[in-house]
Amino acid sequence: MTPDQMPKIPLLQQREIEAAIVGPLVRAFEREVGRERAVAILREVITDLARRGGRDLAVALGTDTLEAFAGALDRWSQNGALEIEMIEQSADRLSFNVVRCRYAEMYRALGLADLGAGLSCQRDFALVEGYNPEIKLERGQTLMQGASYCDFRFRRVPSSSDESAGQVEPSG
């Protein structure tokens, strides 16, 4: 069965399944190699997966524009996983606040609050980088780290040759 043929489960449920496996693995690695090294390895793996996911998203959408990316927010928000307050949406900017994050709630409920940012929040930067390196994310706070909301601020910073935005072809 190819990934395209597999049933799609809501992303929140997918992350919960992953956390139930990854959490105990990270705890075991912490005992063997220390917390700092275990968390560094976790971040490296999650970053690589997210960057690849960003490239896959651009291919699936057939474009790497910020507008198309904004349209894909539904996948992360599915089944009330995120409650978003939209602030600004244009071809070059996307700004919103997440005022409720069930991902953060789920990691806390699983006793993995200390790993939640590494398992979830850190993905955002690498995902965007893989999706389109001209799109930059700035975020100063997260619910996962105790803030009252997450502040997502995306902006497109065109390269010197502005022809890279547009159609995306599968690689490899």
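For the structure, see preceding data.
Everything numeric in this text was worked out from a predicted model, so none of it was measured.

J.: Would you mind going over the sheet that holds strand β1 (residues 82-89) with me for this structure?
T.: The strands making up a sheet associate through hydrogen bonds between their backbones, and the pairing can be parallel or antiparallel. Strand order in the open sheet made by the four strands is β1-β2-β4-β3, with antiparallel pairing throughout. Looking at strand neighbours, the two that pair on one side only are β1 and β3 (135-138), the edges of this open sheet. Going across the sheet, the axis of each strand differs from the next one's by a mean of 20°, ignoring polarity. The sheet contact formed by β1 and strand β2 (residues 93-101) spans seven bridges and is antiparallel. If you follow Gln89 over to β2, its bridge partner there is Leu94.

J.: How should I be thinking about the packing of helix α2 (residues 35-61) against helix α7 (residues 123-131) in this particular structure?
T.: For any two helices packed against each other, the geometry comes down to the angle between their axes and how far apart the axes lie. Contact geometry of α2 with α7 gives a least axis separation of 7 Å together with a crossing angle of 40°. Relative to α7, the element α2 is oriented oblique. Helix-helix and strand crossings are classified by hand; for α2 and α7 the assignment is right-handed. Residue-level contacts link Ile46, Thr47, Ala50, Arg51, Gly53, Gly54, Arg55, Leu57, Ala58 and Leu61 of α2 to Arg123, Ala126, Leu127, Glu129, Gly130 and Tyr131 of α7. Looking at side-chain class alone, the contact of α2 with α7 contains eight nonpolar, four polar and four charged residues.

J.: Would you mind going over the packing of helix α1 (residues 11-33) against helix α6 (residues 113-121) with me for this structure?
T.: For the pair α1 and α6, interaxial distance at closest approach is 11 Å and the crossing angle is 110°. With respect to α6, the element α1 is oriented roughly perpendicular. Across the interface between the two elements, Val22, Gly23, Val26, Arg27 and Glu30 from α1 touch Asp114, Leu115 and Leu119 from α6. Among the residues forming the contact of α1 with α6, the class breakdown is four nonpolar, one polar and three charged.

What counts as what
- The numbers attached to residues start from 1 for each chain and follow its sequence in the written order.
- Two thresholds apply to this predicted model, a pLDDT of at least 70 for residue-level local features and 80 or more for giving and counting side-chain atom pairs, whereas whole-chain, interface and lining totals are computed over all residues.
- Side-chain numbers here rest on the full set of heavy atoms in the structure, without hydrogens or water.
- Only strands joined by at least two bridges in the DSSP assignment are considered to pair.
- Each helix is a run of H or I in the DSSP string that is no shorter than four residues. Each strand is a run of E no shorter than two, and both are numbered from the N terminus.
- Each axis is a line fitted through C-alpha atoms, taken for helices only over the stretch in contact, and angles between the N-to-C directions span 0 to 180 degrees.
- Here is the rule for angles: anything less than 35 degrees is roughly parallel, anything more than 145 is roughly antiparallel, 65 through 115 is roughly perpendicular, and the remaining ranges are oblique.
- Take the far helix as your reference; a near helix turned counterclockwise from it by less than a right angle gives a left-handed crossing, and one turned clockwise gives a right-handed crossing.
- We call two residues in contact whenever any of their non-hydrogen atoms come within 4.5 Å of each other.
- Gly counts as polar in this scheme, as do all residues outside two lists: the nonpolar Ala, Val, Leu, Ile, Met, Phe, Trp, Tyr, Cys and Pro, and the charged Asp, Glu, Lys and Arg.

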